[in-house]
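Working through the structure, step by step
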Amino acid sequence: MRLTRLPTSLRFRQCWTNEPLSLPVSNLCAEALASGRSPGYYMDLISLSLTELRQALRQGQTTSVAATQAILDRIVAVDNQVQSYLTIADELALEQAAAADARRQQGEDTPLLGIPVAVKDVICTEGVETTAGSQILSGYIPPYDAFVVQQLKQAGAVIMGKTNTDEFAMGSSTENSAYFTTHNPWDLTRVPGGSSGGSAAAVAARMAFAALGTDTGGSVRQPAALCNLVGLRPTYGRVSRWGVIAYASSLDQVSMFGRTVADCAAIFQVTAGYDRRDSTSIDTPVPDYEAALTGDIRGLRVGVPEEYFGAGLQPAVAAAVLAAIEQLAALGAEVMPVSLPHTKYALPAYYLIAPAEASANLARYDGVRFGPRLLGADVIGTLKQTRSLFGAEAKRRIMLGTYALSAGYYDAYYGRALKVRSLIKQDFQTAFQQVDIIAAPTSPTTAFKIGEKVDDPLSMYLADILTLPLNLSASCGLSVPCGFDEQKLPIGLQLMGDTLQEMTILNAAYAYEQTTPWHQMTAPL
Ligand code: GLN
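Since the structure is predicted, the reported quantities are computational estimates derived from the model, not experimental observations. (Residues numbered from 1 in each chain as written. Predicted model: local features only at pLDDT ≥ 70, side-chain atom pairs only at ≥ 80, totals over all residues. Heavy atoms only, no water.)

**So, the overall build of the chain**
Stated precisely, the cut-off is as follows: Secondary structure follows DSSP: runs of H or I at least 4 residues long count as helices, runs of E at least 2 residues long count as strands, and numbering of each begins at the N terminus. To get the radius of gyration, use the C-alpha atoms; to get the globule rule, take the number of residues to the power 0.38 and multiply by 2.2 Å. Any residue under 20% of the maximum accessible area for its type is buried, any over 50% is exposed, and the rest in between are partly exposed; the area is computed with a 1.4 Å probe on protein chains only. Here, residues are in contact when the closest pair of their heavy atoms is within 4.5 Å. In this description, accessible areas are obtained by the Shrake-Rupley approach with a 1.4 Å probe, and a residue is regarded as covered only by the protein chains that are shown. Positive charge is attributed to Lys and Arg, negative charge to Asp and Glu, and no charge count is given to His or to the chain ends. Charge coordinates come from a single atom per side chain, which is NZ of Lys, CZ of Arg, CG of Asp or CD of Glu.
The secondary structure content of the chain amounts to 17 helices and 12 strands. Against the compact-globule benchmark of 24 Å for 525 residues, the chain has a radius of gyration of 22 Å, which places it among compact chains. Projected onto the principal axes, the alpha-carbon positions of the chain cover approximately 65 × 60 × 45 Å. With 525 residues in all, the chain has 61% of them scored as buried. When contacts within the chain are restricted to residue pairs at least 6 apart in sequence, long-range pairs at least 24 apart make up 77% of them. When the accessible surface of the chain is totalled, it reaches about 19300 Å², and 54% of it is carbon and sulfur. Of the side chains in the chain, 40 bear a positive and 49 a negative charge, and the two mean positions are spaced by 4 Å.

This is the structure we're talking about:
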């Protein structure tokens, strides 16, 4: 295999060029590939959960270099089909792995020491290209790491690369990526969800032990549901947004994927915390989320909102979620109805607020400061040329948002949407006076076919109808595997909690997970 060396600051490879992937594969993998076999020898290692790998590393049963090489071999074997990574930082990853092994030899131990993880391509990584899934940022190499990447590195994690995303995180399927569409490892003809679909597919297909995404309206919970993963969207401000490419700043939140609740808690643990560089960062101590996973939910009050079980909900999804709620009751939770009456206004309010903020945030891409510049006849011409690099969805939202913010329409659209947002927030506040958590479906349907909704933005927007009310309310939520439909496609149970109540929802999900088999099912790939 050919291995081109890039300058030290540019050691990554882009998966979206037409060149075949050329990664440094292990001898075993090379042998298998040469003889036409599938290099499945590494399955033992990559089948471990993050917490199991951590245990194995601590006990000296394996090394970070072995785990990282196994992940690289796995990427070579399956990512041509799944297409989850936009960029693979193989050399850097192997270096980080070797450094982690050396530290461990010295007796050091940090929470994620030597564990390979993936990062969504809207999160800045020093020296590794970060495109936000857009042509307008192709070739952009951030000079710094986002707060969350700094935290991951400090915890000892190995960063495998950058995962595919809808352009600027706008979408629900990764089909809005300017580079390619990611395929769902459970059925390659279907979407993995989005916008963090690359991260979800990478974890589900065992090409990372956990991954970071962002959830502005559901972009981690929805793909988690579609790929049989645990996806946590922490409270707004609990995890710093510093170094995260902004889409809709009042809604954006770094969020995470794990194969289990404990895995998700482990990666959340190291990324949560105060950061003075993010003015919305919450300055309260970070509890021990992992230690909070007791599995005891006796007396927990679980609210079930009837508004989340309306028309458009796939019958298999409704059945699986109701069965999951019964299971929570069987574990000692007290289940009761709860009402979130303004739920139906969440979608229109979100699609005014998010594009309005996006139109302001995307104004900075002008060909002067970041990414490529396409020269025109004069300054305006250059600006216009360069901004033609935005994809259709980004342009649609810039126009929508600019319109909603324009003088004369501001009050009627943006101002009104803000009022609706307050009502939705109030709904949640009232509900959380009666119950500890709210249980509902995560996505109205299981994974849909690639191409099914691309020409119909409205039907695509509906994919997040059950996740985006929570973003408007700024509280926390997660999705945990809770069954499969007739076509063996995964279904997710959504658990929502009050501000900073991540411990409560994680523990409820843990209790559920420990007594059900769903999370153990793996994609057939
Ligand atoms: N699908 C929603 C949107 O397109 C949510 C995206 C997200 O959470 N990043 O805006």
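**Things to note about the site of the ligand**
This is how the line gets drawn: Here, proximity means that at least one heavy atom of the residue falls within 4 Å of the molecule or strand. Pairs of N or O atoms within 3.5 Å make up the polar contacts considered here, provided that, within protein, one atom can donate a hydrogen while the other can accept it, and that residues adjacent in sequence are counted only when both atoms are side-chain atoms. Any residue that is not Ala, Val, Leu, Ile, Met, Phe, Trp, Tyr, Cys, Pro, Asp, Glu, Lys or Arg is counted as polar, Gly included; the first ten are nonpolar and the last four charged.
In the region of the ligand, 15 residues are neighbours, and Gly 217, Ser 219, Tyr 247, Tyr 350 and Asp 464 sit closest. At 2.9 Å, a backbone N or O of Gly 171 approaches an oxygen atom of the ligand. Residues belonging to the shell around the ligand are distributed by class as follows: 5 nonpolar, 7 polar and 3 charged.

**A closer look at the packing of helix 11 (residues 346-361) against helix 14 (residues 411-434)**
Helix packing geometry: the angle between the two helix axes and the distance between the axes. Which entries qualify depends on this criterion: Convention adopted: a line fitted to C-alpha atoms gives each axis, helices being fitted over their contacting stretch, and angles between N-to-C directions are expressed from 0 to 180 degrees. Roughly parallel means an angle under 35 degrees; roughly antiparallel means over 145; roughly perpendicular covers 65 to 115; every other angle is labelled oblique. Crossing chirality is assigned from the near helix's rotation relative to the far helix, an anticlockwise turn below a right angle marking it left-handed and a clockwise turn marking it right-handed.
Running from N to C, helix 11 and helix 14 point in directions that differ by 125 degrees, and their axes come no closer than 9 Å. Relative to helix 14, helix 11 is oriented oblique. The handedness of the crossing between helix 11 and helix 14 comes out as left-handed. Residue-level contacts link Ala 346, Ala 349, Leu 352, Ile 353, Ala 356 and Glu 357 of helix 11 to Tyr 413, Tyr 414, Ala 417, Leu 418, Val 420, Arg 421 and Ile 424 of helix 14.

**Some thoughts on the confidence of the model for the chain**
What counts is decided by this rule: Every residue is assigned a pLDDT by the predictor, reflecting its confidence on a scale from 0 to 100.
Averaged over every residue, the pLDDT of the chain is 93; the share at 70 or more is 95%. Predicted confidence is poor over residues 1-11, with pLDDT under 50, and the contacts of this stretch with residues over four places away or in other chains come to 25 contacts.

**Focus: the pattern of salt bridges**
If the charged atoms of two oppositely charged side chains come close together, the side chains can form a pair. Basically, it comes down to this: For this analysis, a salt bridge means a side-chain nitrogen from Lys or Arg found within 4 Å of a carboxyl oxygen belonging to Asp or Glu.
By the definition in use, this model includes 15 salt bridges. For the salt bridge of Arg 103 with Glu 108, the shortest nitrogen-to-oxygen distance reads 2.9 Å. When its relative accessible area of 25% is taken as the criterion, Arg 103 is described as partly exposed. Between Arg 298 and Asp 296 there is a salt bridge, and its shortest N-O distance comes to 2.9 Å. Connected via shared salt-bridge partners are Arg 58, Arg 104 and Asp 109.

**Regarding the packing of aromatic side chains**
Spelled out, the test is: In this analysis, rings of Phe, Tyr and Trp, with Trp reduced to its six-membered ring, are considered paired at centre separations within 6.5 Å, and the interplanar angle assigns stacked below 30 degrees, edge-to-face beyond 60, and tilted for intermediate values. Charge-over-ring placement is defined geometrically: NZ (Lys) or CZ (Arg) within 6 Å of the ring centre, and within 35 degrees of the ring normal.
Here the structure, examined in full by the defined rule, presents 15 aromatic pairs. Arranged with centres 6.0 Å apart and planes meeting at 55 degrees, the rings of Phe 168 and Phe 390 form a pair that is tilted. Here Phe 390 lies in the loop between helix 12 (379-387) and helix 13 (392-405) and Phe 168 lies in the loop between strand 4 (158-163) and helix 7 (197-204), a separation of 222 residues in the sequence. For Phe 390, a relative accessible area of 4% corresponds to the buried category. An aromatic cluster is present here, built from Tyr 140, Phe 168, Tyr 365, Phe 370 and Phe 390 joined pairwise through their rings. Directly above the aromatic system of Trp 242 lies the positively charged group of Arg 277, at a separation of 3.7 Å from the ring centroid. The side chain of Lys 453 reaches across the aromatic face of Phe 448, ending 4.8 Å from its centre.

**Digging into the nonpolar core**
Rules: Each nonpolar core is a collection of buried residues, namely Ala, Val, Leu, Ile, Met, Phe, Trp, Tyr and Cys, held together in the definition by side-chain atoms within 4.5 Å.
In this structure, Ile 123, Leu 152, Phe 168, Leu 493 and Leu 495 are the most contacted members of the largest nonpolar core, which totals 150 residues. Of all hydrophobic cores here, the second largest spans 7 residues; its members include Val 191, Ala 447, Phe 448 and Met 460.

**Quick notes on the packing of helix 6 (residues 147-154) against helix 9 (residues 261-271)**
At a minimum axis distance of 8 Å, the contact between helix 6 and helix 9 shows a crossing angle of 110 degrees. When the axis of helix 6 is compared with that of helix 9, the two are roughly perpendicular. Judged by the sense of rotation from one axis to the other, the crossing of helix 6 with helix 9 is right-handed. Together, Phe 147, Val 148, Gln 151 and Leu 152 of helix 6 and Ile 267, Val 270 and Thr 271 of helix 9 make up the contact between the two elements. Among the residues making up the contact of helix 6 with helix 9, the classes are represented as 5 nonpolar, 2 polar and no charged.

**A few points about the pairing of strand 9 (residues 334-338)**
Put simply, the rule reads: What makes two strands pair is DSSP finding at least two bridges between them. Handedness of a crossover is defined as follows: orient the strands so they point away from the viewer, and if the path from the first strand over the helix to the second runs clockwise, the crossover is right-handed.
Judged from the 5 bridges that link them, strand 8 (residues 301-305) and strand 9 form a sheet pairing that is parallel. By the bridge assignment, Val 302 is partnered in strand 9 with Val 335. In this region the chain leaves strand 8, passes through helix 10 (residues 315-330) and returns to the parallel neighbour strand 9; the handedness of that crossover is right-handed.

**Quick word on unusual backbone geometry**
Residues Gly 194 and Ser 195 are joined by a peptide bond in cis, for which omega reads 5 degrees. Within the fold, Ser 195 resides in the loop between strand 4 and helix 7. Its identity as a non-glycine residue notwithstanding, Arg 206 has a phi of 65 degrees, on the positive side. In this fold, Arg 206 is placed in the loop between helix 7 and strand 5 (210-214). The class for Arg 206 is buried, based on a relative accessible area of 12%. A positive phi angle, near 60 degrees, is found at Lys 488, a position not held by glycine.

**With respect to the environment of Leu 188**
Take Leu 188: it is sitting in the loop between strand 4 and helix 7. In this structure Leu 188 comes out as partly exposed when scored by relative accessible area, which is 27%. Placed 63 residues apart in sequence, Leu 188 and Thr 125 show a C-alpha to C-alpha distance of 29 Å. In contact with Leu 188, other than residues within four places in its own chain, are Gln 81, Val 82, His 183, Ile 450 and Leu 525.

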